[in-house]
Amino acid sequence: FDRQLTSGAMTTSAPMTDIPSQYDPAATEQELYARWQEAGVYRAHAERSERAGGDREPFVIVMPPPNVTAILHVGHGLNNTVQDVVIRWRRMAGDEALWLPGTDHAGIATQNVVEKLIAGEGMTRFDLGRDAFVRRTESFVTETGGVILQQLRAIGASADWRRTAYTLSPELSRAVREAFVRLYERGLVYRGHRVIHWCPRCLTSLSDEEAEFQEETGALYHIAYPVEGQGGRSLVVATTRPETMLGDVAVAVNPDDERYRDLVGKSVRLPVVNRDIPVIADSYADPAFGTGVVKITPAHDANDFEVGRRHSLAMPVIIDEHGVVREVVDAEGRVPKELAGLDRFAARDRI
């Protein structure tokens, strides 16, 4: 705009620079970010930390790495913005601040994507072999992970990009093993017997965070377990997974359920397997659900596992790591030959 300056009889016109009506980040931030990177303002130097004899307090944030399965979403942007604010604040406060970047905190997610790509070529990871599969995964990470890292740069993330790593980085693998050994030696972690999430296709355990739950319409099967010594009387169990009955070691009723109180301590006959198992009283049995009688299969259900521990029950395993029904552990005589070798869902139909 022009501004008129008047002094006595003299008038001049002084042109001013146009100011855009809106801020355009794309026109300014990329160049500014590049200058910050070249100046090394995001780099952390261990020797300047007090722990290395320096004069700065160390402050570290480990970026919760996004899975290398797609591009970032708004949640990633918001999450990383908060971290960026904190790390910049500590950096300006004089700390030796390190924001450690990385990708793929859950390697299973990336593995699944790569396996689907390989399946499209008519192969499996076993056809490729471990080394070739790792190279294929690394290639995929280079391709998609690069996009993710560029997106983080685009929102101005002030991480020390020299240190970028991902799940299969050798130094990370060593660090994980070292951390677990140290925790074990200090008594903070231990090996134990548990029922966990397991993928029969990937042949690996899954954390609670990796297991995706979804509702579906299923069938509730009612199976009569004859009461020993009381001809004609049975306890009817309602279950959605009849194939697991091969691993039943008890049936539970609620201690306050008057319908079955007289049967606690007695035995019932396990159909198909044809062996006696005890009737136990446990509050896990809900009188209002199904028939109020619950079959207990400690090796194949997390809740049953806890019941089994409370009552010191056996834990026979009758489904293997591939999802196939067979006598795996402490299960001798529990799997009839007509069911041995069947997939768990096929065994469900047969039972």
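Rules and cut-offs
Residues numbered from 1 in each chain as written. Predicted model: local features only at pLDDT ≥ 70, side-chain atom pairs only at ≥ 80, totals over all residues. Heavy atoms only, no water. Helix = DSSP H or I, 4+ residues; strand = E, 2+ residues; numbered from the N terminus. Rg over C-alpha atoms; globule rule 2.2 N^0.38 Å. Contact = heavy atoms within 4.5 Å. Areas by Shrake-Rupley, 256 points an atom, 1.4 Å probe, with all protein chains shown as cover. Lys, Arg positive; Asp, Glu negative; His and termini not counted. Charge placed at Lys NZ, Arg CZ, Asp CG, Glu CD. Core = buried A, V, L, I, M, F, W, Y, C linked by side-chain atoms within 4.5 Å. Buried < 20%, exposed > 50% of the residue type's maximum accessible area, 1.4 Å probe, protein only. Pairing = 2+ DSSP bridges. Axes fitted to C-alpha atoms, helices over the stretch in contact; angles between N-to-C directions. Disulfide = S-S within 2.5 Å. Expected span 1.5 Å × (residues − 1). Salt bridge = Lys/Arg side-chain N within 4 Å of Asp/Glu carboxyl O. Phe/Tyr/Trp six-rings, centres within 6.5 Å; stacked < 30°, edge-to-face > 60°. Lys NZ or Arg CZ within 6 Å of the ring centre and 35° of its normal. pLDDT = per-residue confidence, 0-100.

## Let's talk about the overall build of the protein chain
Each helix and strand in the protein chain was counted, giving eight helices and 16 strands. The C-alpha radius of gyration of the protein chain comes to 31 Å, more than 25% above the 20 Å expected for a compact globule of 351 residues. Sequence-distant contacts in the protein chain: of pairs separated by 6 or more residues, those separated by 24 or more amount to 59%. Just so you have it, the protein chain exposes about 22,000 Å², and 53% of that area is on carbon and sulfur atoms. Charge centroids of the protein chain, computed over 40 positive and 51 negative side chains, lie 3 Å from each other.

## Details of the nonpolar core
Ranked by internal contacts, the top residues of the largest apolar core, which has 24 residues, are Y225, L235, L246, V251, V268, V279 and V293. Among the elements of the structure, β9 (221–226), β10 (234–239), β11 (250–253), β12 (267–270), β13 (275–281) and β15 (317–319) are those that each provide at least two residues to this core. In this view, Y225 contacts S234, L235, V237, M245, D248, V251, V268, R269, L270, P271, I277 and K295; residues no more than four positions away in its chain are not counted. In terms of nonpolar packing, the next biggest core, distinct from the first, is built from 14 residues, L72, I87, A159 and W161 among them.

## Some details on the sheet that holds β11
Taken together, four strands build an open sheet; the order of strands is β12-β13-β11-β14 and the sheet is mixed. What marks the edges here is a single partner per strand, and that holds for β12 and β14 (293–296). Shown here is a sheet whose adjacent strand axes are inclined to one another by a mean of 35°, direction ignored. Pairing analysis gives four bridges linking β11 to β14, with the strands arranged antiparallel. Following the sheet pairing, V253 is matched in β14 by V293.

## A closer look at the state of the cysteines
This model, assessed by the stated rule, comprises zero disulfides. Here C199 stays free of any disulfide, with the sulfur of C202 as its closest cysteine sulfur at 3.6 Å. Residue classification places C199 among the buried residues on the basis of a relative accessible area of 15%.

## Some thoughts on the environment of L152
Relative to the helices and strands, L152 resides in helix α5 (residues 130–154). Sequence separation between L152 and P101 is 51 residues, and the spatial gap between their C-alpha atoms is 9.7 Å.

## Comments concerning helix α2 (residues 74–92)
The terminal C-alpha atoms of α2, which comprises 19 residues, lie 27 Å apart, in line with the 27 Å expected from a rise of 1.5 Å per residue. Phi turns positive, to about 100°, at G94, one or two residues after α2.

## Quick word on the pairing of β12
Sheet analysis places β12 next to β13, joined by four bridges and oriented antiparallel. When the bridges of β13 are listed, V268 appears paired with I277. What sits between the antiparallel neighbours β12 and β13 is a turn of four residues, in which V272 has the positive phi angle 70°.

## Notes on the pattern of salt bridges
Going through the model one piece at a time under the given rule, you end up with 20 salt bridges. Between K295 and D248 there is a salt bridge whose closest N-O contact spans 2.8 Å. Of this pair, K295 sits in strand β14 while D248 sits in the loop between β10 and β11; the two residues are 47 residues apart in sequence, bridging distant segments of the chain. Each member of the pair, K295 as well as D248, is classed as buried.

## Overview of the packing of aromatic side chains
Each aromatic ring pair is specified by the distance between its two centres and by the angle formed by the two planes. Using the criterion set out here, one finds two aromatic pairs in the structure. Measuring from ring centre to ring centre gives 5.6 Å for Y33 and Y42, while their planes differ by 50°; the resulting arrangement is tilted. Per residue, the accessibility class of Y33 equals that of Y42, and both read buried. In this structure an aromatic cluster arises from ring pairing among Y33, W36 and Y42. Above the plane of the ring of W161 lies R153, whose end atom (NZ or CZ) is 4.4 Å from the centre.

## Here we look at the confidence of the model for the protein chain
Predicted coordinates in areas of low pLDDT are best not read in detail. On average, residues of the protein chain score 88 in pLDDT, and 93% of them are at 70 or above. Counting interchain partners and residues more than four positions distant, the pLDDT-below-50 stretch residues 1–8 has 17 contacts.

## Concerning unusual backbone geometry
Working note: non-glycine residues mostly have negative phi, and peptide bonds are mostly trans. Although it is not a glycine, L203 sits at a positive phi angle of roughly 55°. Relative to the elements of secondary structure, L203 occurs in the loop between β7 (197–199) and β8 (204–206). For D330, which is not a glycine, the phi torsion comes out positive at approximately 50°. Relative to the assigned elements, D330 resides in the loop between β16 (325–329) and α8 (344–350).

## Thoughts on the side chain of D95
Within the secondary structure, D95 is located in the loop between α2 and β4 (96–100). Those residues in contact with D95 that sit more than four places away from it in its chain are R56, E57, F59 and R90.

## Some details on the pairing of β4
Along β4, four of the five residues are buried, which leaves the element largely enclosed by surrounding structure. Examined bridge by bridge, strand β3 (residues 58–62) and β4 share five bridges and lie parallel to one another. Note that in β4 the partner of V60 across the bridge is L98.

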